[in-house]
Amino acid sequence: LDLVENLLFSGQPSCLPFIIIILATMALFTTLQRTTQVASRSLPRLIAKAGAARGMATEKQIFNQIQSSKNIQKITGSMKMVSAAKLKGDETRLALAKPFNEWTNALCGEAVSLEEPETVTYEELPQKTLIVPITSDKGLCGGVNSFISRNVRDAVGKITAQGKECDIVVVGDKGRAQMTRAVPTNIVRTVTEVVAPGNFTLCAAIASEVAAAGTDYDAVMIVYNSYVNAAVYKQYYKVIKPFAGEGEDEPLVEYEFEPDGKSEILDDLYEYMLTSQLYYCFMDGAAAEQSSRMTAMENATKNAGEMIDSLTLQYNRARQARITTELIEIISGASALED
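Residues numbered from 1 in each chain as written. Predicted model: local features only at pLDDT ≥ 70, side-chain atom pairs only at ≥ 80, totals over all residues. Heavy atoms only, no water.

1. Observations regarding the overall build of the protein chain
Okay, so step 1: When you go through the protein chain residue by residue, the secondary structure sums to eight helices and six strands.
Okay, so step 2: Reading the helices (α) and strands (β) of the protein chain from amino to carboxyl end gives α-α-α-α-β-β-α-β-α-β-α-β-β-α.
Okay, so step 3: For the protein chain, the residues scored as buried account for 37% of the 339 residues in total.
Okay, so step 4: Look at the contacts in the protein chain between residues 6 or more apart in sequence, and 76% of them connect residues 24 or more apart. (Helix = DSSP H or I, 4+ residues; strand = E, 2+ residues; numbered from the N terminus. Buried < 20%, exposed > 50% of the residue type's maximum accessible area, 1.4 Å probe, protein only. Contact = heavy atoms within 4.5 Å.)

Structure (structure tokens):
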């Protein structure tokens, strides 16, 4: 400033350009200094906004995720308790259905395990078979329906490779949805919206549907889940053949039928045996479904708890970062005022 005053009072016109250049430089320097001070105070906030724009979750978003996870944890915990209560009733109905169905084992044999599907060949099946997989109408029950669909798909492939024929009557909406994608050409009928818990009358109606679709088949193969305990269930299939044949193949020759209407009695007995077996498989599958749903909801509740812990840690870190940013802004502002 002293230099500018000396030049102004010197009275020389040639000094005017130097004066203008000096004043412009001083104004530019002052503007840059003020801009730097403002930028130093706003830099932490701009960095935080840039991080959020790149995809980093903000504190509010993390808090909303924690609340959503807590709500899901409450729902899955409630569903677990409901499934545990329903499982008790299904266990009671299954215990009553077991002796009711014991007599069918003497006529159509024991059920075959599908625990190792690669060892099952299905060579005992006749030329034309109707497959009846028992699935559920509701989801959120683990792999209950997936295991049945996978075994049915494997069975269709092996039966077809042997030059035999097979069709499918699906019981349950979840099984229908899965098998429609896997083996759509083999499905001839579906039975959905089955009311739970089932009863013998309901199974008789399902058996009538199966019998109506299976009049031209040599056997009916039921694929179902078998309840072992609250943590374990296995897959089985059972083959039921109609009472047909003449001569040496005539069924139940050791019995006498009065009045003389053996064919009609055998038809009724076959339908009743099919109903009894479906009733048992339905009760067995319902218990397995509830046990699997209880386990699935327990795992979901545990996973939700772990997610809440992880999000809480992330939320605390974001909160600490915000507090640190605010402290930096306060210190930067105080330093700017001192300057």
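2. Points about helix H5 (residues 144–161)
Okay, so step 1: Here H5 spans 26 Å end to end across 18 residues, near enough to the 26 Å set by a 1.5 Å rise per residue.
Okay, so step 2: Listed as buried for H5 are Val-144, Asn-145, Ile-148, Ser-149, Asn-151, Val-152, Ala-155, Val-156 and Ile-159. Down the axis of H5, the sector holding all buried residues measures 165 degrees, keeping them to one side.
Okay, so step 3: Of the residues trailing H5, Gly-163 is marked for its positive phi of about 80 degrees. (Expected span 1.5 Å × (residues − 1). Arc of directions from axis to C-beta.)

3. Considering unusual backbone geometry
Okay, so step 1: For Tyr-122, which is not glycine, the phi torsion reads 60 degrees and is therefore positive.
Okay, so step 2: Relative to the assigned elements, Tyr-122 resides in the loop between strand E1 (112–113) and strand E2 (128–133).

4. Observations concerning the pattern of salt bridges
Okay, so step 1: A complete count under the given rule lists seven salt bridges for this structure.
Okay, so step 2: For Lys-158, the salt bridge goes to Asp-154, with nearest N and O atoms at 3.3 Å. With Lys-158 and Asp-154 both in helix H5 and four residues apart, the pair spans about one turn of that helix.
Okay, so step 3: We note a salt bridge from Glu-289 to Arg-293, for which the minimum N-O separation is 3.1 Å. With Glu-289 and Arg-293 both in helix H8 (residues 262–338), this residue pair falls four residues apart, about one helical turn. Of the two residues, Glu-289 and Arg-293, both sit in the buried class. (Salt bridge = Lys/Arg side-chain N within 4 Å of Asp/Glu carboxyl O.)

5. Here we look at the nonpolar core
Okay, so step 1: Counting residues in hydrophobic clusters, the biggest one holds 39 residues, and the most contacted among them are Val-132, Ile-134, Val-210, Val-220, Ile-222, Leu-274 and Leu-278.
Okay, so step 2: For this core, the secondary-structure elements that each account for two or more residues are helix H3 (59–101), E2, strand E3 (165–171), helix H7 (200–213), strand E5 (219–227), strand E6 (233–240) and H8.
Okay, so step 3: If one sorts the elements of this core by residue count, H8 sits on top with 13 residues.
Okay, so step 4: Residues contacting Val-210, with those up to four places away along its chain left out, are Leu-130, Val-132, Val-169, Val-220, Leu-274 and Leu-278. (Core = buried A, V, L, I, M, F, W, Y, C linked by side-chain atoms within 4.5 Å.)

6. Remarks on a negative patch on the surface
Okay, so step 1: On the surface, Glu-264, Asp-267, Asp-268 and Glu-271 cluster together into a patch of negative charge.
Okay, so step 2: Tracing the backbone through its elements, the reader meets Asp-267 in helix H8. (Patch = residues over 30% accessible without salt bridge, like charges linked within 9 Å, V, L, I, M, F, W, Y side chains within 5 Å. Areas by Shrake-Rupley, 256 points an atom, 1.4 Å probe, with all protein chains shown as cover. Lys, Arg positive; Asp, Glu negative; His and termini not counted. Charge placed at Lys NZ, Arg CZ, Asp CG, Glu CD.)

7. A short note on the environment of Tyr-122
Okay, so step 1: Tyr-122 gets classed as buried once you look at its relative accessible area, which sits at 2%.
Okay, so step 2: A C-alpha to C-alpha distance of 9.2 Å links Tyr-122 and Gln-162, two positions 40 residues apart in sequence.

8. Thoughts on the confidence of the model for the protein chain
Okay, so step 1: Per-chain confidence: the protein chain averages 82 in pLDDT, with 80% of residues scoring 70 or above.
Okay, so step 2: Least confident of the elements in the protein chain is helix H1 (residues 2–10), whose mean pLDDT is 53; most confident is H5, at 92. (pLDDT = per-residue confidence, 0-100.)

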